[in-house]
Amino acid sequence: MKALVVGATGKYASLVVPELKQRGATVRALVRDESKIEAARQQGADETAIGNLQNPDSLRAAAAGVDSVFHINPAFAPNEAELGVAMVKAAKASGVRKFVFSGVYHPSLSKLSNHAAKRPVEEAMYESGMEFTVLQPSMFMQNFAAGWDTVIKQGRFSLPYSKLAKACYVDYRDVAAVAAKALTSNELSYGTFELCAPGMVNRVELAVMMGEAIGRTIEAGESSFDEWAQGAHIPDGLHNHLRVMYQDYDQYGFPGGNAIVLRTLLGREPRSLPQYFQELVNRKVA
């Protein structure tokens, strides 16, 4: 079988490619331009198709002749929902049988733009007539990688919301494994699945886990949003979206942490935060 992977050279969708190869699938990578072709090949893609989510013709051409499509939205894009719906429509028009969407935990959190933007894509899938699988992962452990060197240098892990707010997480490699299963079999067809590792933790607890992996004390800190955004080099266009998101986390956290679905789909225990932090120390993951 042949699968089209949208964002195959990106931080997250790229993890789906090797999982598909392990299952014997032929992988066609959707890339934006020729400069990404070699990266897609190195990731394991057998074929590449140049396309743009804002160009429906290019999406239909990219999806022609494939059995299934994996799609993940570009988070916080101004027209994120429209881009996802366009990919669903292109897949249907090209005769694709199966569509797997990596969405978000709690898409009903409508005041958060990156959550609300996933719901129209889900709706388009449900109405498409294609076999669908909706994956709803919690916070990605991979997001810790970007600031890891700063944590080690400063001995402090800070974000712009309460250090006592609890959240749930998932290693996206586990999501990728489930996605590959959905793309290459019928076991997960017509299902919507919340995916997370067990439990919820706050930043104080995260700092302890980090410290145990690194071998010294890490302090849990809080910073103002503006201070954090400047240090993290956040583009101006994302400020309002992220400010609202972190204000929500400050008040409510990011509740969840029931791992029964992910554990069942993987047939094993999900990867844990301590495991991920140890791999960061050993530089086995990014």
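In what follows, the structure referred to is the one given above.
Owing to the predicted nature of the structure, the values given are computational and were not obtained by experimental measurement. (Residues numbered from 1 in each chain as written. Predicted model: local features only at pLDDT ≥ 70, side-chain atom pairs only at ≥ 80, totals over all residues. Heavy atoms only, no water.)

**Regarding the packing of helix α4 (residues 80-93) against helix α6 (residues 119-126)**
- Viewed as axis vectors pointing N to C, α4 and α6 meet at an angle of 15°, and their least axial separation amounts to 8 Å. As the angle between them shows, α4 and α6 are arranged roughly parallel. Crossing of α4 against α6: the hand is right-handed. Contacts from Ala 81, Gly 84, Val 85 and Val 88 of α4 reach α6 at Pro 120, Val 121, Ala 124 and Met 125.
- Tallied by class, the residues present in the contact of α4 with α6 amount to seven nonpolar, one polar and no charged. (Axes fitted to C-alpha atoms, helices over the stretch in contact; angles between N-to-C directions. Helix = DSSP H or I, 4+ residues; strand = E, 2+ residues; numbered from the N terminus. Parallel < 35°, antiparallel > 145°, perpendicular 65-115°, else oblique. Left-handed = near helix turned anticlockwise from the far one by under 90°. Contact = heavy atoms within 4.5 Å. Nonpolar A, V, L, I, M, F, W, Y, C, P; charged D, E, K, R; others polar.)

**Focus on α4**
- Here α4 contains 14 residues, and its C-alpha end-to-end distance of 20 Å stays within 8% of the 20 Å for a straight helix at 1.5 Å per residue.
- Of all 14 residues that make up α4, ten are buried, and the element is covered over most of its length.
- For α4, every residue scored as buried is listed here: Glu 80, Ala 81, Leu 83, Gly 84, Val 85, Ala 86, Met 87, Val 88, Ala 90 and Ala 91.
- On its buried side, α4 packs onto β1 (2-6), α3 (56-63), β4 (68-72), β5 (98-102), α5 (113-116) and α6.
- One or two steps after α4, the chain reaches Gly 95, where phi turns positive at roughly 80°. (Expected span 1.5 Å × (residues − 1). Buried < 20%, exposed > 50% of the residue type's maximum accessible area, 1.4 Å probe, protein only.)

**Describing the pattern of salt bridges**
- Within the structure shown, the criterion is met by 18 salt bridges.
- Between Lys 21 and Asp 46 there is a salt bridge, and its shortest N-O distance comes to 2.7 Å. Here Asp 46 lies in the loop between α2 (37-43) and β3 (47-50) and Lys 21 lies in helix α1 (residues 16-22), a separation of 25 residues in the sequence.
- Classification of Lys 21 by relative accessible area gives partly exposed; the value is 31%.
- Between Asp 57 and Arg 60 there is a salt bridge, with its nearest N and O atoms 2.1 Å apart. Within this pair, Asp 57 and its partner Arg 60 are both found in helix α3, separated by three residues, close to a single helical turn.
- Classification of Asp 57 by relative accessible area gives exposed; the value is 52%.
- Looking at Arg 60, the relative accessible area reads 33%, which means it is partly exposed.
- Connected through salt bridges with shared partners, the residues Lys 2, Arg 28 and Glu 47 form a single ionic network. (Salt bridge = Lys/Arg side-chain N within 4 Å of Asp/Glu carboxyl O.)

**A look at the side chain of Gln 142**
- By secondary structure assignment, the location of Gln 142 is in the loop between β7 (139-140) and α7 (148-154).
- A polar atom in the side chain of Gln 142 sits 2.9 Å from the backbone nitrogen of Tyr 172.
- Apart from the residues within four sequence positions on either side, Gln 142 is in contact with Tyr 12, Leu 15, Val 170, Asp 171, Tyr 172, Arg 173, Tyr 276 and Ala 286. (Polar contact = N/O pair within 3.5 Å; in protein donor to acceptor, adjacent residues only side chain to side chain.)

**Quick notes on the packing of aromatic side chains**
- Counted according to the given criterion, the structure contains 17 aromatic pairs.
- When the ring of Trp 228 is compared with that of Tyr 246, the centres are 5.1 Å apart and the planes differ by 80°; the resulting orientation is edge-to-face. With Trp 228 in helix α10 (residues 225-231) and Tyr 246 in helix α11 (residues 239-252), this pair connects stretches of sequence that are 18 residues apart.
- Trp 228 gets classed as buried once you look at its relative accessible area, which sits at 16%.
- Look at Tyr 246 and you get buried, because its relative accessible area is 11%.
- Residue placement shows Arg 203 over the ring face of Tyr 161; its charged tip is 4.8 Å from the ring centre. (Phe/Tyr/Trp six-rings, centres within 6.5 Å; stacked < 30°, edge-to-face > 60°. Lys NZ or Arg CZ within 6 Å of the ring centre and 35° of its normal.)

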